[in-house]
Amino acid sequence: MTFPDTRPEQAAAGPTADIDVLVVGAGVTGIYQLYRALQAGFSAQLLEAGGGVGGTWFWNRYPGARFDSESYTYAYLFSQELFEAWEWNEHFAEQPEIERYLNHVVDRFDLRRHMRFGAPVTSSTYDESSGMWTVVTDDGTEYRTRYFVAATGVLSVPYFPDVPGREDFRGESHHTGLWPTVPVDFAGKRVAVIGTGSSGVQIIPAIAGEVASLTVYQRSANWCTPLNNSPISPEEQARLRADFDAMCETLNTSASGFLHPIHDRQTFDDPIHQRLAFFESMWRSPGFSKLTSNYTDLTVNHAANALWCEFIAEKVRSIVRNPETAERLIPKDHLYAEKRPPFVTGYYETYNNPNVSLVDLKQTPMVRLTQSGIETSEGVREFDVIVWATGFDFGTGALARMGIRGRQDLALEEHWADGPKTFLGIQTAGFPNFFFPGGPHAAAGNNPRYNGDQVDFVTDTLIYLRDHGYDRIEVEVAAEERWTEMIDTGAVLSPFGESSYYFGSNIPGKPRKYLLNSGGRPKLFKEMRRVRDTEYEAFKLSRASDPAEATA
Ligand SMILES: Cc1cc2nc3c(=O)[nH]c(=O)nc-3n(C[C@H](O)[C@H](O)[C@H](O)COP(=O)(O)OP(=O)(O)OC[C@H]3O[C@@H](n4cnc5c(N)ncnc54)[C@H](O)[C@@H]3O)c2cc1C
């Protein structure tokens, strides 16, 4: 993709002496990777396409953008002093606060001088004779690095559907994932929002009050439930500090990386009145606990899931006054959590505003964009601003666009033409010394927790190599095949359905392969432990300086 210019803070072209570790991406994963590499005594440099720190939280600065994870559970846990130095305002922080936090971390640990912004990586080539990677940015600057870590994110390549005339629209047009750094003025404007996934349902209620009119174009309805956000009281702040060790213990061992307790009952264990009372408590519970603390059979028993869906549907009918609009907002084609469930604040209520209307694209498909608006099979509506909340090329999008070439000039996108092949979601065969924590085949849940596990694994591996006189590591094909097969076969048991973007289904032509880790975090832990216990049995370790090893 072409990254737009976004106020480079520091664009000094580099170097460049050879680097031990080159990290790409200044999101929550890349920042931590840079920190750990430097702490471990490696020379390190980070390259970031955007103009500042934050990754997701740099690019997605649209009104209403906020965490669905509890702020303090998403935050870094590697330093208790850091944890205590930052007080989150809300249980689910808004984008500006998150961006401030990540900048605070970067400055606190003096990482900024190792970062270069406005530096999209366009090619990355492995040299078999030296065992080094040459990484090139769009201005032609070359970096030679021993270890190449792409922390480029799974939701970092925004997707625009191929609607005829998209370029013709003369008004303002913004994708939620490429939001401008100067605020967009919505006041008194006629606004269209295309898409009702997690970002769409955040921005819709956030701007509805200031626009002249808001038209929402919905392709598929989602099972939205309340985020139930609130400020963190002084007593809660004190408790968070006091409970730091216990919280880390829970977060570092939980399957989903959340604090939410797992329920001890199945749906049909409870009589109806008890079940409804429980569903009501779920509806009022924070964020993802509707998934993680719900009845334990929710995602494996369709009849159980259907009851929870019916409960949500009744809530929608009770909130949205227009019965036709309410019905359009209730999904009919999938159960709860088959797609990533969005969490909302005042979303359904927004449709009671007289200036808000909903267009169901299944009933009235989009025909094209015109210079002044959007044409559906029903006719044209004119707009001043169009917001594209149309998602991302999930999982492999960024890695496939970095010109990565491994042994024998093998292009990563060719190696992964039928879907990603990885071991631990960290390495792929044929690409020595290349790692991609936070990429495809990672677990699902609270992102920084399992991305952090992967960064720790990568860093510990580099330390192991150094301590044992190696400087090249490449996963064995058999290990990659085993892990990828585990993911592909386990995918049928995943709560997410094939219509979810976790299978790449929102991108035309993309192979329908599961892009998360169907074994989840427990399987990741187990395999990482096994690798450590067997001293890297799944990998081939060697010395690049040894000519006999050069093309191993
Ligand atoms: C709106 C939104 C809300 C979310 N909310 C949550 C949440 O509440 N909880 C949760 O767990 N997860 C959430 N996520 C998922 C989120 O992506 C992760 O939590 C986390 O931010 C991932 O961090 P990362 O560092 O791995 O990737 P990112 O934050 O995506 O950072 C990757 C960086 O790599 C850069 N990059 C990519 N390609 C190149 C290149 N070729 N050259 C140079 N730089 C490049 C990008 O510019 C980007 O800055 C959300 C995602 C979105 C989009």
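In this text, all values refer to a predicted model and were calculated from it rather than measured experimentally.

**A closer look at the nonpolar core**
Point 1. By size, the foremost hydrophobic cluster in this structure holds 126 residues, and its most contacted members are W88, L214 and F539.
Point 2. Those residues in contact with W88 that lie beyond four places of it in its chain are F67, S71, Y72, A75, A93, E97, I98, Y101, I232 and Q237.

**Concerning unusual backbone geometry**
Point 1. Within the chain, A337 stands out as a residue other than glycine whose phi angle is a positive 75°.
Point 2. With respect to the helices, strands and loops of the structure, A337 is situated in the loop between α12 (323–329) and β11 (343–344).
Point 3. Accessibility expressed as a relative area gives 2% for A337, which makes it buried.
Point 4. The backbone phi angle of Y536 is positive, close to 70°, even though this residue is not glycine.
Point 5. Tracing the sequence through the fold places Y536 in the loop between α17 (520–533) and β20 (539–542).

**Observations regarding the pattern of salt bridges**
Point 1. Applying the stated rule across the entire model yields 34 salt bridges.
Point 2. In this structure, R328 and E324 form a salt bridge, with 3.7 Å as the shortest nitrogen-oxygen distance. Remark: E324 and R328 occur in helix α12; sequence separation between them is four residues, near one turn of the helix.
Point 3. The partner of E327 in a salt bridge is K332, with the nearest N and O atoms 3.5 Å apart.
Point 4. The class of E327 is partly exposed, set by a relative accessible area of 32%.
Point 5. Within the structure, one salt-bridge network assembled from shared partners comprises E310, E314, R317, E327 and K332.

**As for the packing of helix α1 (residues 28–39) against helix α15 (residues 447–467)**
Point 1. Their axes nearest at 10 Å, the elements α1 and α15 cross at an angle of 30°. Taken together, the axis directions place α1 and α15 in an arrangement best described as roughly parallel. Between α1 and α15 the crossing geometry is right-handed. Together, V28, T29, Y32, Q33, R36 and A37 of α1 and P448, N451, G452, V455, D456, V458, T459, D460 and I463 of α15 make up the contact between the two elements.
Point 2. Residue composition of the contact of α1 with α15, by class: seven nonpolar, five polar and three charged.

**Quick look at α1**
Point 1. For α1, spanning twelve residues, the distance from its first C-alpha to its last is 17 Å, which sits close to the expected 16 Å at 1.5 Å a residue.
Point 2. The buried fraction of α1 is high, at ten of twelve residues.

**Some points on the environment of A429**
Point 1. In this fold, A429 is placed in the loop between α14 (412–415) and β18 (434–435).
Point 2. Residue class for A429 comes out buried when judged on its relative accessible area of 7%.
Point 3. C-alpha of A429 to C-alpha of I473: the two residues are 44 residues apart in sequence and 9.9 Å apart in space.
Point 4. In this view, A429 contacts H415, E474, V475, V477 and E480; residues no more than four positions away in its chain are not counted.

**Structural notes on the pairing of strand β14 (residues 373–376)**
Point 1. Alignment of strand β13 (residues 366–369) against β14, held across three bridges, turns out to be antiparallel. Counterpart to L369 in the pairing with β14 is I374.
Point 2. Bridging between β14 and strand β15 (residues 379–382) involves four bridges; their strand directions are antiparallel. Bridging from a neighbouring strand, E375 pairs with V380 of β15.
Point 3. Adjacent in sequence and paired antiparallel, β14 and β15 are bridged by two residues.

**Examining the site of the ligand**
Point 1. T29, E48, D68, S69 and Y74 are the nearest of the 35 residues found near the ligand.
Point 2. Measuring from an oxygen atom of the ligand, one finds a backbone N or O atom of T56 at 2.7 Å.
Point 3. Between the ligand and the protein, one listed contact pairs a nitrogen atom with a backbone N or O atom of V121 at 2.8 Å.
Point 4. If you list the elements that add at least two residues to the shell around the ligand, you get α1, α2 (56–59) and α15.

**Some thoughts on the packing of aromatic side chains**
Point 1. According to the stated counting rule, one finds 48 aromatic pairs in the structure shown.
Point 2. Measuring from centroid to centroid gives 4.8 Å for F83 and F244, while their planes differ by 50°, and the two rings are tilted. Of the two residues, F83 is situated in helix α4 (residues 80–85) and F244 in helix α8 (residues 244–253); the sequence distance between them amounts to 161 residues.
Point 3. Given a relative accessible area of 10%, F83 falls into the buried group.
Point 4. For F244, a relative accessible area of 5% translates into the label buried.
Point 5. Between the aromatic rings of W86 and W88, the centroid separation amounts to 5.9 Å while the plane-to-plane angle is 70°, which identifies the pairing as edge-to-face. Considered together, W86 and W88 belong to a single accessibility category, that of buried residues.
Point 6. Put simply, the rings of Y32, Y35, W57, F67, Y74, Y76, F78, W86, W88, Y101 and F109 touch in pairs and so form one group of aromatic residues.
Point 7. Between the NZ or CZ atom of R166 and the centre of the ring of W388, over which it lies, the distance is 5.9 Å.

**Regarding the pairing of strand β19 (residues 472–475)**
Point 1. Both faces of β19 are covered, namely the face carrying R472 and E474 and the face carrying I473 and V475.
Point 2. Bridge analysis of β19 against β20 gives four bridges, and the strand direction is antiparallel. From the neighbouring strand, E474 faces β20, where its bridge partner is K540.

**Some points on the sheet that holds β15**
Point 1. Strand order in the open sheet formed by three strands is β13-β14-β15, and the pairing between neighbours is antiparallel. Among the strands making up the open sheet, the edge pair consists of β13 and β15. For this sheet, the mean inter-axis angle between neighbouring strands, taken without regard to orientation, is 25°.

**Topic: the confidence of the model for the protein**
Point 1. Averaged over every residue, the pLDDT of the protein is 94; residues scoring 70 or more account for 96%.
Point 2. Counted against residues more than four places away or in other chains, residues 11–15, with its pLDDT under 50, gives 13 contacts.

**Digging into the side chain of D471**
Point 1. Counting through the fold element by element, D471 comes out in the loop between α15 and β19.
Point 2. A residue is classified by how much of its surface remains accessible, and D471, at 18% relative accessible area, is buried.

**A word on the environment of A93**
Point 1. As for its placement among the helices and strands, A93 is situated in the loop between α4 and α5 (95–108).
Point 2. A residue is classified by how much of its surface remains accessible, and A93, at 0% relative accessible area, is buried.
Point 3. Along the backbone, A93 and D245 are 152 residues apart, and their C-alpha atoms lie at a distance of 22 Å.
Point 4. Those residues in contact with A93 that lie beyond four places of it in its chain are R66, F67, S71, W88 and I98.

Basis of the calculations
- The residue count restarts for each chain, going from 1 along the sequence in the order it is written.
- Where local features are concerned, this predicted model is filtered to residues with pLDDT of at least 70; where side-chain atom pairs are given and counted, the filter is 80 or more; whole-chain, interface and lining totals use all residues.
- Hydrogen atoms and water are omitted, and side-chain values are computed over all heavy atoms in the structure.
- In these notes, a set of buried Ala, Val, Leu, Ile, Met, Phe, Trp, Tyr and Cys residues joined through side-chain atoms within 4.5 Å is what counts as a nonpolar core.
- Summary of the burial criterion: residues with accessible area below 20% of their type's maximum are buried, those above 50% are exposed, and those between are partly exposed, where the area comes from a 1.4 Å probe applied to protein chains only.
- The contact criterion used is simple: two residues touch if any of their non-hydrogen atoms lie within 4.5 Å.
- Every helix listed is a DSSP run of H or I at least four residues long, and every strand listed is a run of E at least two residues long, numbered separately from the N terminus.
- Every case where a carboxyl oxygen of Asp or Glu lies within 4 Å of a side-chain nitrogen of Lys or Arg is listed as a salt bridge.
- For every element, the axis is a line fit to its C-alpha atoms; helices are fit only across the contacting stretch, and the angle between N-to-C directions ranges from 0 to 180 degrees.
- Angular relationships are summarised with four words: roughly parallel below 35 degrees, roughly antiparallel beyond 145, roughly perpendicular across 65 to 115, and oblique for the angles in between.
- Left-handed describes a crossing in which the near helix is turned anticlockwise from the far one by less than a right angle; the clockwise case is right-handed.
- Residue polarity is assigned by list, with Asp, Glu, Lys and Arg as charged and Ala, Val, Leu, Ile, Met, Phe, Trp, Tyr, Cys and Pro as nonpolar; anything else, Gly included, falls into the polar class.
- Helix span is expected to be 1.5 Å times the residue number reduced by one.
- At least two DSSP bridges between two strands are required for those strands to pair.
- Put simply, a residue is near a molecule or strand once any heavy atom of it comes within 4 Å of that molecule or strand.
- Within 3.5 Å is the distance limit for a polar contact, defined as a pair of N or O atoms, with the added protein rule that one can donate a hydrogen and the other accept it, and that residues adjacent in sequence qualify only through two side-chain atoms.
- Ring geometry is summarised as follows: Phe, Tyr and Trp rings, the Trp one being its six-membered ring, pair when their centres sit within 6.5 Å, and such pairs are stacked at plane angles under 30 degrees, edge-to-face over 60 and tilted between the two.
- Geometrically, a charge over a ring is one whose NZ (Lys) or CZ (Arg) sits within 6 Å of the ring centre while staying within 35 degrees of the ring normal.
- What pLDDT expresses is the predictor's confidence in each residue, scored from 0 to 100.

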